[in-house]
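A look at the structure
The residues making up each chain are set out below.
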Amino acid sequence: MLLHLFAQVYPGESMKKTPLITIIGVPNTGKSTFFNRIIGARKALVHADPGMTRDIFKKAFDLSGKKFYIQDSGGFFQDKDIISEEINKRIFREARRSDLIIFLFDGKRELLGYEKDLYLEVTRINPDIIPVINKVDNPNKFILPPSYYSLKRDLIYVSAEHDIGIDEVFEQIEKKFEQYAGREEEEVQPPARISIVGKPNVGKSSIINSILKDDFVIVSPIPGTTRDSVDLEIKWQKKTVVLVDNAGIRKLQKVKEGTEGAAVLRAEKDVKFADIIILVLDLSKKIDQNDLFIAHQVFKAAKPVIIAGNKWDLLTGEIDSPALMEKINRKFNFLHFAPILFVSAKTGKNIFRIIDLAIDIQEKLTIKVRTPALNQLIRQILQEKVLHTQDERIFNPKYIVIESYKPFFINFFTHSGNKLKSAHEKYLKKRIGEELKLQGIPVFFKISSSTKHKTQ
Ligand code: GDP
């Protein structure tokens with residue numbers, strides 16, 4: 001709803017490498033016929049790629065003088081056996097590293113439940129996706145099965161077998177890559193530095209190792225900003241982030257962690273050079289003073305935060321996730337803006353979501369909300385609910401200005417300059433965060449008197 005409020009700065013996208021297009025779909029949607037049609041329609045350059053897996057075919061083709069790779073990912077399987085799961089896992093990985101996905105459906109039948117789930121999951125992994133309905137052999141007589149309306153997307157109709165509609169696919173591909181070319185001119189943001197902090201033994205190194213284990217993470221280590229850290233530049237979903245391994249060097253040098261207290265004190269340094277902080281907790285243990293102390297250091301850094309509850313695999317029996325989340329929320333009340341993820345470095349569960357979220361946050365950090373739009377939003381919130389200052393006056397700011405974006409600091413000018421009641425301040429911050437979709441990014445307020453001269 002509020003997206004129009006933003007003037008978005010897109011991070012630059014490198015066009016040096018040949019773009020990769022992946023065809024995905026459930027079995028029998030006509031993927032290989034479609035693949036051959038694309039290749040056959042263009043001068044195919046048979047490409048031998050030693051890195052390619054045996055059962056995923058990849059070929060190069062030319063479009064308006066530009067080279068593209070296209071690959072057929074093979075069928076996605078519904079079965080839950082190990083082999084099917086392995087194949088499906090690889091399809092997701094291919095989706096992640098592709099520049100564009102062509103998702104093929106079978107127009108001769110309704111959309112299947114698991115097919116829709118797969119489509120949505122792939123869209124989440126990689127939103128650059130063109131949905132194509134195949135087997136539309138007679139476009140004039142074709143009636144789209146109603147279940148496809150639930151996809152809420154513009155669809156392209158083709159018949160791979162009868163060579164109908166393929167040109168439109170090529171047009172869409174060209175269009176997609178023209179958009180990228182336009183972005184090249186724009187400002188390139190340095191990748192965000194993600195620092196993982198927490199008490200000893202909560203699983204920080206295990207989380208880093210689990211991230212690095214993913215075959216499609218491409219890592220290049222660069223010296224860190226402190227003597228105690230290594231920067232790991234990782235490529236993920238075509239984006240780059242820097243993972244700061246605070247413990248890496250310490251472990252390599254076999255330097256003892258020392259006491260827990262010392263580790264806790266070090267957190268301050270570990271957050272200093274970060275853009276995004278991952279606060280790790282051990283879900284199998286009680287949250288204690290040291291967790292809280294580190295969380296306070298994290299809060300004081302005034303940076304985006306994600307809370308990762310690790311060792312999720314150790315929790316047994318019925319786990320009431322909302323209740324657990326609520327408990328963590330209560331304990332870390334001051335980090336109310338931070339999304340909470342339950343993860344397991346041991347099984348790998350949800351580990352990639354940490355990076356997904358960090359990338360979302362990284363992109364949000366480049367978005368600038370305009371002051372008039374923010375004014376409009378806050379006035380709207382204040383109309384819906386009356387908020388009070390600590391001396392029980394109605395909070396009615398005369399004007400509102402954005403002091404800074406990093407951190408996101410809003411200055412309210414009111415008659416008295418009195419602070420908001422703490423519950424109301426939290427409410428307003430939460431609403432602003434929700435409306436602007438700032439998940440993970442803290443919002444800070446300053447209330448100033450509009451009648452006094454600014455002397456401080
Ligand atoms: P760090 O000091 O925070 O870097 O913690 P480590 O990564 O060294 O992990 C501490 C211990 O917890 C090790 O024995 C790990 O094998 C174990 N561990 C880490 N993550 C998990 C997890 O998700 N599940 C389980 N069961 N054990 C874990």
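Residues numbered from 1 in each chain as written. Predicted model: local features only at pLDDT ≥ 70, side-chain atom pairs only at ≥ 80, totals over all residues. Heavy atoms only, no water.

Some details on the site of the ligand
- Close contacts around the ligand come from 16 residues, with N201, K204, S205, S206 and D313 the closest.
- Within the backbone of G203, a nitrogen or oxygen atom sits 3.0 Å from an oxygen atom of the ligand.
- A345 places a polar main-chain atom, nitrogen or oxygen, 2.9 Å from an oxygen atom of the ligand.
- Expressed as a share of its isolated accessible area of 580 Å², the protein-covered part of the ligand is 75%.
- A total of three residues in the shell around the ligand trace back to one element, the largest contributor, which is helix α5 (residues 204–213).
- Classifying every residue of the shell around the ligand by side-chain character gives four nonpolar, six polar and six charged. (Near = heavy atom within 4 Å. Polar contact = N/O pair within 3.5 Å; in protein donor to acceptor, adjacent residues only side chain to side chain. Areas by Shrake-Rupley, 256 points an atom, 1.4 Å probe, with all protein chains shown as cover. Helix = DSSP H or I, 4+ residues; strand = E, 2+ residues; numbered from the N terminus. Nonpolar A, V, L, I, M, F, W, Y, C, P; charged D, E, K, R; others polar.)

Notes on the packing of aromatic side chains
- Across all of its chains, the model carries 17 aromatic pairs by this definition.
- Look at F142 and Y157: their rings are 5.4 Å apart centre to centre, the planes differ by 55°, and that puts the pair in the tilted class. A residue pair is termed long-range when its members are at least 10 positions apart, and F142 in the loop between β6 (129–134) and β7 (156–157) and Y157 in strand β7 qualify at 15 residues.
- On the basis of relative accessibility, which here comes to 22%, the residue F142 falls in the partly exposed class.
- Taken together, a centroid distance of 5.9 Å and an interplanar angle of 75° make the contact between F299 and F334 edge-to-face. Pair noted here: F299 is in helix α8 (residues 289–300) and F334 is in the loop between α9 (321–331) and β14 (340–342), with a separation of 35 residues, a long-range link.
- By relative accessible area, F334 is classed as buried at 18%.
- By way of ring pairs, the aromatic residues F299, F332, F334, F409 and F444 are connected into one cluster. (Phe/Tyr/Trp six-rings, centres within 6.5 Å; stacked < 30°, edge-to-face > 60°. Buried < 20%, exposed > 50% of the residue type's maximum accessible area, 1.4 Å probe, protein only.)

A few points about a positive patch on the surface
- Taken together, the side chains of K286, K327, R330 and K331 present a region of like positive charge at the surface.
- Position of R330 relative to the elements: it lies in helix α9. (Patch = residues over 30% accessible without salt bridge, like charges linked within 9 Å, V, L, I, M, F, W, Y side chains within 5 Å. Salt bridge = Lys/Arg side-chain N within 4 Å of Asp/Glu carboxyl O. Lys, Arg positive; Asp, Glu negative; His and termini not counted. Charge placed at Lys NZ, Arg CZ, Asp CG, Glu CD.)

Observations concerning the pattern of salt bridges
- A complete count under the given rule lists 20 salt bridges for this structure.
- Across the salt bridge formed by D356 and R124, the nearest N and O atoms sit 3.3 Å from each other. Here the residue D356 occupies a position in helix α10 (residues 351–364), and R124 occupies one in helix α3 (residues 113–125), the gap between them amounting to 232 residues.
- The exposure class of R124 is partly exposed, given its relative accessible area of 35%.
- Between D288 and K199 there is a salt bridge, and its shortest N-O distance comes to 3.0 Å. A residue pair is termed long-range when its members are at least 10 positions apart, and D288 in the loop between β12 (276–282) and α8 and K199 in the loop between β8 (193–197) and α5 qualify at 89 residues.

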